[in-house]
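Structural overview for review
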Amino acid sequence: MEQLRVRFMNFINYVYIVMDKKTGDIAIVDPSWDILKIESFLRQLNGNLRAILLTHSHLDHVNLVNPLLEKYRPHVFMSIQEIDYYHFRCKNLHPIKDGDFIKLGETEIISLLTPGHTMGSVCYLLSNHLFTGDTIFIEGCGFCDPNGGDPKDLYHSVQKIKREVDSSIQIYPAHSYGKAPGFPLSHLMDENIYFQFTSMKPFINFRMRPNQKGLFNFK
């Protein structure tokens, strides 16, 4: 797995490139910015881009889908809830549901539906990695988009991750507020305030508190 730190103006994103070692098949998680940097890594890996895994439909996660489709023709995966609610469309689009398996060569990737940031946000679990998009960060969790996001759903998504993901799994979000991606879930369980809540109301009150600052101060 390779992680690329890319930016466009004030938006700093992490793009992840996963390769099945036996077949050379490659998947990209949330291709946002800097196609030249992404293609440079693809050439270095000398594999075949077979899949694009989208955690949700915000522009800073899907911006390079069409350019990559035009050149490499990969399959594109997004949750059916996200597709239906936001009317996302592209070629080779495959709607997925919670718990679906995606095959990348001989590597199995499991989709975990984690709504809250958007209507149909999804995380992708493989081996010891969880790609979380904007659902959770090392330092916090995503804001609830007024168009389809819901703090109740986000609370349940955090609880789902706590319940279903092993604490040793490394977390790879789409953004950083200072801590590098790759901390184990156990670190978030101890240090991320959103993992401390065990009831919905305090979680919602804190997530939706007024006058929040620095929501887009990505590092």
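Residues numbered from 1 in each chain as written. Predicted model: local features only at pLDDT ≥ 70, side-chain atom pairs only at ≥ 80, totals over all residues. Heavy atoms only, no water.

A few points about the sheet that holds strand β10 (residues 129-133)
Read across the sheet, 5 strands follow the order β7-β8-β9-β10-β11 without closing on themselves; strand pairing throughout is mixed. The open sheet has two edge strands with one neighbour each: β7 (101-104) and β11 (170-173). Across the sheet, the mean angle separating the axes of adjacent strands is 25° when strand polarity is ignored. Looking at chain direction, β10 and β11 are connected through 4 bridges and run parallel. By the bridge assignment, Gly-133 is partnered in β11 with Pro-173. (Pairing = 2+ DSSP bridges. Helix = DSSP H or I, 4+ residues; strand = E, 2+ residues; numbered from the N terminus. Axes fitted to C-alpha atoms, helices over the stretch in contact; angles between N-to-C directions.)

Some remarks on unusual backbone geometry
If you check the backbone angles, Asp-34 has positive phi at about 65° while not being a glycine. With phi around 60°, His-87 is a residue other than glycine that occupies positive phi space. Within the element layout of this structure, His-87 appears in the loop between α4 (80-86) and β6 (93-96). Its relative accessible area of 56% is what places His-87 among the exposed residues. (Buried < 20%, exposed > 50% of the residue type's maximum accessible area, 1.4 Å probe, protein only.)

Structural notes on helix α3 (residues 65-72)
All of the buried residues along α3 are Val-65, Leu-68 and Leu-69. Relative to the axis of α3, the buried residues are bounded by an arc of 105° and lie together on one face. Counted as exposed and oriented over 90 degrees from the buried face of α3: Glu-70 and Lys-71. On its buried side, α3 packs onto β3 (25-29), α1 (35-45), β4 (48-53), α2 (59-62) and β5 (75-79). Following α3 by one or two positions, Arg-73 adopts a phi angle in the positive range, close to 55°. (Arc of directions from axis to C-beta. Contact = heavy atoms within 4.5 Å.)

Structural notes on the layout of surface pockets
As a volume, the largest pocket reaches approximately 390 Å³. Residue lining of the largest pocket: 24 residues in total, with Phe-137, Cys-141, Tyr-177, Arg-207 and Leu-215 positioned closest to the centre. Each residue belonging to the lining of the largest pocket can be placed in one class, and the counts come to 11 nonpolar, 7 polar and 6 charged. (1 Å grid on protein atoms, 1.4 Å probe; cavity = no way out; pocket = protein on both sides within 12 Å on 5 of 7 lines; lining within 4 Å. Points joined across faces, edges and corners; volume = space filled by probe spheres on them. Nonpolar A, V, L, I, M, F, W, Y, C, P; charged D, E, K, R; others polar.)

A short note on the nonpolar core
Counting residues in hydrophobic clusters, the biggest one holds 23 residues, and the most contacted among them are Ile-28, Leu-54 and Val-65. Contributions of two or more residues to this core are made by β1 (2-8), β2 (11-19), β3, α1, β4, α3 and β5. For Ile-28, the residues in contact, after removing those within four places along its chain, are Val-15, Tyr-16, Ile-17, Ile-38, Leu-42, Leu-49, Ala-51, Ile-52, Leu-53 and Leu-68. Counting 22 residues, the second-largest nonpolar core is a separate cluster that includes Cys-123, Leu-125, Phe-203 and Ile-204. (Core = buried A, V, L, I, M, F, W, Y, C linked by side-chain atoms within 4.5 Å.)

Details of the pattern of salt bridges
Applying the stated rule across the entire model yields 5 salt bridges. Lys-71 is the salt-bridge partner of Glu-39, the closest N and O atoms lying 3.2 Å from each other. Of this pair, Glu-39 sits in helix α1 while Lys-71 sits in helix α3, placing them 32 residues apart in sequence. Residue classification places Lys-71 among the exposed residues on the basis of a relative accessible area of 53%. Note that Asp-98 is salt-bridged to Lys-160, the shortest N-O span being 2.7 Å. Linking Asp-98 in the loop between β6 and β7 with Lys-160 in helix α5 (residues 151-164), this pair joins segments that are 62 residues apart in sequence. Residue Asp-98 is classed as partly exposed on the basis of its relative accessible area of 42%. (Salt bridge = Lys/Arg side-chain N within 4 Å of Asp/Glu carboxyl O.)

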